[in-house]
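# Coordinate analysis (summary)
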Amino acid sequence: MNFENILTDKKGLIGFITINRPTKLNALNKKTIEELHIAFKSFNDNRKIKVIIITGSGEKAFVAGADISEFANFSIEEGTELARKGQEILFDYIQNLETPVIAAINGFALGGGLELAMAAHFRVASTNAKMGLPEVSLGVIPGYGGTQRLPQLVGKGKALEMIMSASMISAEEAKNWGLVNYVVEQLELLPLCIKLADKISKNSSVAIAAAIKAVNANYTNCVNGYAVEIEQFGVSFGTDDFAEGTTAFLEKRTPNFE
Ligand code: COA
């Protein structure tokens with residue numbers, strides 16, 4: 001895959017996506033969002049890719065937000081469309097992807113950058129990472145799902161403090177607040193994400209996709225997450241992976257999920 005603003009790579013069962021605009025601290029412009037959609041779709045469609053890791057290039061930033069230079073002059077209609085399209089093709093898209101996505105936060109994750117990391121299924125940060133939703137300092141609000149996903153991850157009070165203060169928190173605070181799962185030195189960031197991805201990739205992709213669907217259902221308006229969990233639990237019983245997984249357990253061997 002050849003892109004202008006992102007790099008992709010495959011190693012074993014893992015797909016890597018790196019946002020590559022380091023001179024702009026990897027800010028998300030329209031082109032980058034479109035390229036990310038194509039890359040995520042392509043890895044998700046590839047049955048040999050079991051986990052996707054997304055990170056930013058350089059040592060300074062994961063993503064420093066939506067590209068402010070691109071939307072500074074937008075009208076109400078253009079602003080609305082920016083958020084709607086971005087949520088549809090990237091942020092909601094990642095959250096609902098069947099393939100697990102780990103965000104490796106290697107530096108600033110601000111605004112759309114933190115929203116991108118929050119759309120991933122979980123997050124790992126390096127010690128230098130700083131996270132925040134600074135939009136209200138620009139007279140706008142988070143538009144890529146930040147007002148929804150941040151309260152889900154850290155609770156309403158902390159989320160509102162972060163959104164209203166527009167201030168950044170450290171990686172360690174983010175871990176204490178439940179926003180990231182682990183904090184490691186920058187050199188250890190990708191190795192740890194790969195270790196976690198390797199562990200995930202040994203399990204049933206079919207069951208993982210069903211679990212993602214069931215977990216997400218709890219956060220979708222008008223959808224009863226418990227009902228979806230029951231439905232997806234039942235669906236698992238008809239899959240080859242379920243047969244293999246349970247048989248392997250009973251035969252005291254490692255399952256071989258195709
Ligand atoms: N959109 C567009 N360009 C951005 C950007 C963004 N969100 N964030 C950083 N950049 C650009 C800067 O304009 C600068 O470009 P230039 O060299 O052509 O002038 C370059 O990236 C480096 O950023 P700079 O501000 O010089 O780095 P810094 O180390 O002094 O500060 C930040 C780092 C992250 C604190 C600062 O860049 C910042 O506040 N960025 C905006 C964060 C934000 O509000 N995001 C939410 C957007 S809705």
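Below, the structure is looked at part by part. These figures come from a predicted structure and were not determined experimentally.

What counts, and at which threshold
Residues numbered from 1 in each chain as written. Predicted model: local features only at pLDDT ≥ 70, side-chain atom pairs only at ≥ 80, totals over all residues. Heavy atoms only, no water. Helix = DSSP H or I, 4+ residues; strand = E, 2+ residues; numbered from the N terminus. Rg over C-alpha atoms; globule rule 2.2 N^0.38 Å. Contact = heavy atoms within 4.5 Å. Near = heavy atom within 4 Å. Polar contact = N/O pair within 3.5 Å; in protein donor to acceptor, adjacent residues only side chain to side chain. Areas by Shrake-Rupley, 256 points an atom, 1.4 Å probe, with all protein chains shown as cover. Nonpolar A, V, L, I, M, F, W, Y, C, P; charged D, E, K, R; others polar. Buried < 20%, exposed > 50% of the residue type's maximum accessible area, 1.4 Å probe, protein only. Axes fitted to C-alpha atoms, helices over the stretch in contact; angles between N-to-C directions. Parallel < 35°, antiparallel > 145°, perpendicular 65-115°, else oblique. Left-handed = near helix turned anticlockwise from the far one by under 90°. Phe/Tyr/Trp six-rings, centres within 6.5 Å; stacked < 30°, edge-to-face > 60°. Pairing = 2+ DSSP bridges.

Moving on to the overall build of the chain. Looking only at helices and strands, one finds 11 helices and 10 strands in the chain. Compactness check: the chain gives a C-alpha radius of gyration of 19 Å against a globular reference of 18 Å for 258 residues, within 12% of the reference. Referenced to the eigenvectors of the C-alpha coordinate spread, the extents of the chain come out at roughly 60 × 40 × 35 Å. When contacts within the chain are restricted to residue pairs at least 6 apart in sequence, those whose partners lie at least 24 apart make up 68%.

What follows deals with the site of the ligand. Residues in contact with the ligand amount to 16 residues; listed here are only the nearest, Lys24, Lys60, Ala64, Ala66 and Ile68. Between the ligand and the protein, one listed contact pairs a nitrogen atom with a backbone N or O atom of Ala64 at 3.0 Å. For the ligand, a nitrogen atom lies 3.0 Å from a polar atom in the backbone of Ile68. About the coverage of the ligand: the protein hides 60% of its 870 Å² of free accessible area. Secondary structure elements with two or more residues in the shell around the ligand: helix H2 (68-71) and strand E6 (108-110). Classifying every residue of the shell around the ligand by side-chain character gives 10 nonpolar, two polar and four charged.

Here Asn5 shows up in the segment before strand E1 (6-11). Using a relative accessible area of 7% as the deciding quantity, one classes Asn5 as buried. Here the side chain of Asn5 touches Thr32 through a polar contact of 3.1 Å, side chain to side chain. Ignoring any residue separated from it by four or fewer positions in sequence, one finds Asn5 in contact with Thr18, Ile19, Asn20, Arg21, Asn29, Lys31, Thr32 and Glu35.

On to the packing of helix H4 (residues 112-119) against helix H5 (residues 146-154), then. H5 packs onto H4 with a crossing angle of 55 degrees between their chain directions and a minimal axis gap of 10 Å. Accordingly, the angle class assigned to the pair H4 and H5 is oblique. In the crossing of H4 with H5, the sense of the turn from one axis to the other is left-handed. Facing H4, whose interface residues are Glu115, Met118 and Ala119, H5 presents Gly146, Arg149, Leu150 and Leu153. Here the residues of the contact of H4 with H5 sort into four nonpolar, one polar and two charged.

Scanning the model with the defined rule gives two aromatic pairs in all. Measuring from ring centre to ring centre gives 4.3 Å for Phe91 and Tyr144, while their planes differ by 15 degrees; the resulting arrangement is stacked. Residue Phe91 is located in helix H3 (residues 76-95), and its partner Tyr144 is located in the loop between strand E8 (130-132) and H5; the two are separated by 53 residues in the primary sequence. Relative accessible area serves as the criterion here: at 0%, Phe91 is assigned to the buried category. Measuring from ring centre to ring centre gives 4.3 Å for Phe237 and Phe242, while their planes differ by 35 degrees; the resulting arrangement is tilted.

Here we have four strands laid out as an open sheet, ordered E4-E6-E8-E9, and mixed in their pairing. Across the chains shown, the open sheet's two edge strands, defined by having one partner strand only, are strand E4 (61-63) and strand E9 (169-170). As paired elements, E8 and E9 share two bridges and run antiparallel to each other. Paired with Lys130 across the strands is Ser170, a residue of E9.

A word on the sheet that holds strand E3 (residues 51-56). Spatially, E1-E2-E3-E5-E7-E10 is the arrangement adopted by the six strands of the open sheet, whose pairing is mixed. Here the strands that pair on one side only, and so sit at the sheet edges, are E1 and strand E10 (182-184). Sheet twist, expressed as the average angle between the axes of neighbouring strands with direction ignored, equals 20 degrees.

No statement about biological role is implied by the geometric values presented.
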